[in-house]
Amino acid sequence: MKSLIGILVLLLLLGGGGYYGFQYWEKQKVELAENEEEDLSAPVSRQTIELNVEVSGDIEPLEQVEVKAEVSAKLKKIHVELGQRVKRGDLLFELDDQELLTQLESAKLEIESARLGLEKALSDHQRNERLFKKELIPARDVADSLTDKQLAENAVERAQKRLQNVQDKLDKTQVLAPISGMILEMPVVEGQVVVAAASVNSGTLLMKLADLSNLIIKTHINQIDVAKLKPKMDFKFFMDPLPGETFEGKIHTIAPTATVKRNVKGFAVEMIIPKPDARLKPGMTANVVVPIEVREGVLSVPLAAVFSESDRSKIVYIRSNTIDVPIEKRPVEIGVANLDFVEITSGLTEGEVVMLTRPKKNKKDS
């Protein structure tokens, strides 16, 4: 009986100790959480705040052309290679001209025949004029011979135009570089039949040729950030393939109307790289930073310390040394801000400590 009572007493002691131990642990946990919350604070200090617009875009040539044939023919000879640099006027391709040479000879014979016909018609007309003056033939014969002479003159003119047309086509079998630059694409091979570009079809693409002395970055910027930009503003950009290196340029053009890209309404912006590094290639992605404003030594707090009220006014929570009011809610006026800090134009003094989270008793504040 005594042993049973001892066991019951022991169990009661263990249960009571466990209960009080659990309560103590819960209290310590709450105090720890409160202490951690109190530690989420930062002093009001002076910082240099840089306001930037950051976007990414693709590098492209400022000047790029698609080279296409102006006559349909078999591709006889390719004189260049992919990646080669060419100058304006250099020979790129030769098209088969055998059929056009045959047409050229035919056009020359047609001109010769038309000229002979014109000489005969002119001679007949002159003879009829002499005979008419002698009243040996009627006026109708003179009129008919004049018509024949005019028809012969038209025939000569048509033959000359046909010859010129064939000669122009022959000249176009020599495809020359329209600009100086590098060959970026060349999706054709010798022996392939190419179709001339015309109003009814786009024609066969012979190559893409680009001037790489001036590159641009094409990007799409949302309507909020684009309002901060204007042409000729300087920018910097970085490349993942070239870590640690910075490149510079200027904004070239900003589209006058908005477009939707990836479900975001914004504006197409072109940024020029005037003297590009040889390592920059079309198709690479650039990370662009456009500095908008720099405020040096301004009173600031971390961005997380500023909260919005329902009326859109801004407030901060200040850790106070007063026992009765350990945390003070205070309205502030803000200036420029970036992703880290925000300028405080009024409401705070340097050295005060602001909370980075809403205090528990103020969580219900909006």
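Higher on the page you've got the structure.
Residues numbered from 1 in each chain as written. Predicted model: local features only at pLDDT ≥ 70, side-chain atom pairs only at ≥ 80, totals over all residues. Heavy atoms only, no water.

Colleague: Give me the overall build of the protein: which residues, what numbers.
Modeller: Of regular secondary structure, the protein possesses four helices and 19 strands. Counting all 366 residues of the protein, 31% fall into the buried class. Carbon together with sulfur atoms contributes 53% to the accessible area of the protein, which is approximately 23300 Å² in total. (Helix = DSSP H or I, 4+ residues; strand = E, 2+ residues; numbered from the N terminus. Buried < 20%, exposed > 50% of the residue type's maximum accessible area, 1.4 Å probe, protein only. Areas by Shrake-Rupley, 256 points an atom, 1.4 Å probe, with all protein chains shown as cover.)

Colleague: Tell me about the pairing of strand S2 (residues 45–68), residues and numbers included.
Modeller: Sheet topology note: the S2/strand S14 (residues 285–302) ladder contains 13 bridges and is antiparallel. Bridging from a neighbouring strand, Ile49 pairs with Arg295 of S14. (Pairing = 2+ DSSP bridges.)

Colleague: Report on the packing of aromatic side chains, specifying residues and quantitative values.
Modeller: Considering all chains together, one arrives at three aromatic pairs under this definition. Grouped by ring-pair contacts, the aromatic residues Phe235, Phe237 and Phe247 constitute a single cluster. (Phe/Tyr/Trp six-rings, centres within 6.5 Å; stacked < 30°, edge-to-face > 60°.)

Colleague: Residues and numbers for the pattern of salt bridges, please.
Modeller: Taken as a whole and assessed by the stated rule, the structure comprises 19 salt bridges. Between Glu110 and Arg162 there is a salt bridge whose closest N-O contact spans 3.1 Å. Residue Glu110 is found in helix H2 (residues 98–133), and its partner Arg162 is found in helix H3 (residues 139–171); the two are separated by 52 residues along the sequence. Residue Arg162 is classed as partly exposed on the basis of its relative accessible area of 31%. Salt bridges sharing partners connect three or more residues here, namely Glu60, Lys218 and Glu270. (Salt bridge = Lys/Arg side-chain N within 4 Å of Asp/Glu carboxyl O.)

Colleague: Break down the pairing of strand S16 (residues 314–319) for me, citing the residues and quoting the values.
Modeller: Successive residues of a regular strand alternate their side chains across the two faces of the sheet. Bridging between strand S15 (residues 307–308) and S16 involves two bridges; their strand directions are antiparallel. Residue pairing across strands places Ser308 opposite Lys314, the latter belonging to S16. Counting the residues between successive antiparallel strands, the hairpin from S15 to S16 contains five residues, one of them, Arg312, with a positive phi of roughly 70°. Both S16 and strand S17 (residues 327–337) contribute to a ladder of six bridges, which runs antiparallel. Bridge pairing in S17 links Val316 to Arg330.

Colleague: Just give me the short version of the nonpolar core, but keep the residues and values in it.
Modeller: Judged by nonpolar contacts, the single largest core of 26 residues is most densely connected at Ile217, Phe237, Met239, Met271, Leu280, Val288 and Val290. The greatest single-element share of this core, amounting to five residues, is contributed by strand S9 (residues 205–222). Ignoring any residue separated from it by four or fewer positions in sequence, one finds Phe237 in contact with Ile217, Glu245, Thr246, Phe247, Glu248, Ile273, Leu280, Ala286, Asn287 and Val288. Of all hydrophobic cores here, the second largest spans 21 residues; its members include Ala69, Val175, Ile179 and Val194. (Core = buried A, V, L, I, M, F, W, Y, C linked by side-chain atoms within 4.5 Å. Contact = heavy atoms within 4.5 Å.)

Colleague: Tell me about the environment of Ser145, and name the residues and values.
Modeller: Examined against the element boundaries, Ser145 turns out to sit in helix H3. Exposure remark for Ser145: the relative accessible area of 5% places this residue in the buried category. Sequence spacing of Ser145 and Gln126 is 19 residues, and the spatial spacing of their C-alpha atoms is 8.5 Å. Among the polar contacts listed, one links the side chain of Ser145 to the side chain of His125, at a separation of 2.8 Å. (Polar contact = N/O pair within 3.5 Å; in protein donor to acceptor, adjacent residues only side chain to side chain.)

Colleague: Please set out the environment of Lys232 residue by residue, giving values where relevant.
Modeller: Its place among the elements puts Lys232 in the loop between helix H4 (223–226) and strand S10 (234–239). Its relative accessible area of 68% is what places Lys232 among the exposed residues. When near neighbours in sequence (up to four residues on either side) are disregarded, Lys232 contacts Lys250 and Ile251.

Colleague: I'd love a proper account of the side chain of Lys149, names of residues and values included.
Modeller: Checked against the element boundaries, Lys149 lands in helix H3. Not counting residues within four places of it along the chain, the set of residues in contact with Lys149 comprises Leu118, Ala121, Leu122 and His125.

Colleague: How would you explain H3 if you had to name every residue and give the values?
Modeller: Between the first and last C-alpha of H3 there are 49 Å, a value that for 33 residues agrees with the 48 Å anticipated at 1.5 Å per step. Considered for burial, the residues of H3 that qualify are Val142, Ser145, Lys149, Ala152, Val156, Ala159, Val166 and Leu170. At its buried positions, H3 is contacted by H2 and strand S6 (174–176). (Expected span 1.5 Å × (residues − 1).)

Colleague: Please provide a residue-by-residue account of unusual backbone geometry, values included.
Modeller: A positive phi angle, close to 55°, is found at Arg262, a residue other than glycine. Examined against the element boundaries, Arg262 turns out to sit in the loop between strand S12 (259–261) and strand S13 (264–273).

Colleague: So what about H2? Which residues, and what values?
Modeller: The terminal C-alpha atoms of H2, which comprises 36 residues, lie 53 Å apart, in line with the 52 Å expected from a rise of 1.5 Å per residue. Those residues of H2 that sit buried are Leu100, Leu104, Ala107, Ile111, Ala114, Ala121, His125 and Asn128. Structurally, H2 contributes buried residues whose contacts are with H3. Directly after H2, the chain includes Glu135, whose backbone phi takes a positive value near 60°.

Colleague: How would you sum up the sheet that holds S6? Please name residues and give values.
Modeller: Across the sheet, four strands lie side by side as S6-S5-S3-S8; this open sheet has antiparallel pairing. In this open sheet, the two strands that pair with only one neighbour each are S6 and strand S8 (193–194). In the sheet, strand S3 (residues 73–78) pairs with S8 via two bridges, with the strands oriented antiparallel. Bridge pairing in S8 places Lys74 opposite Val193.

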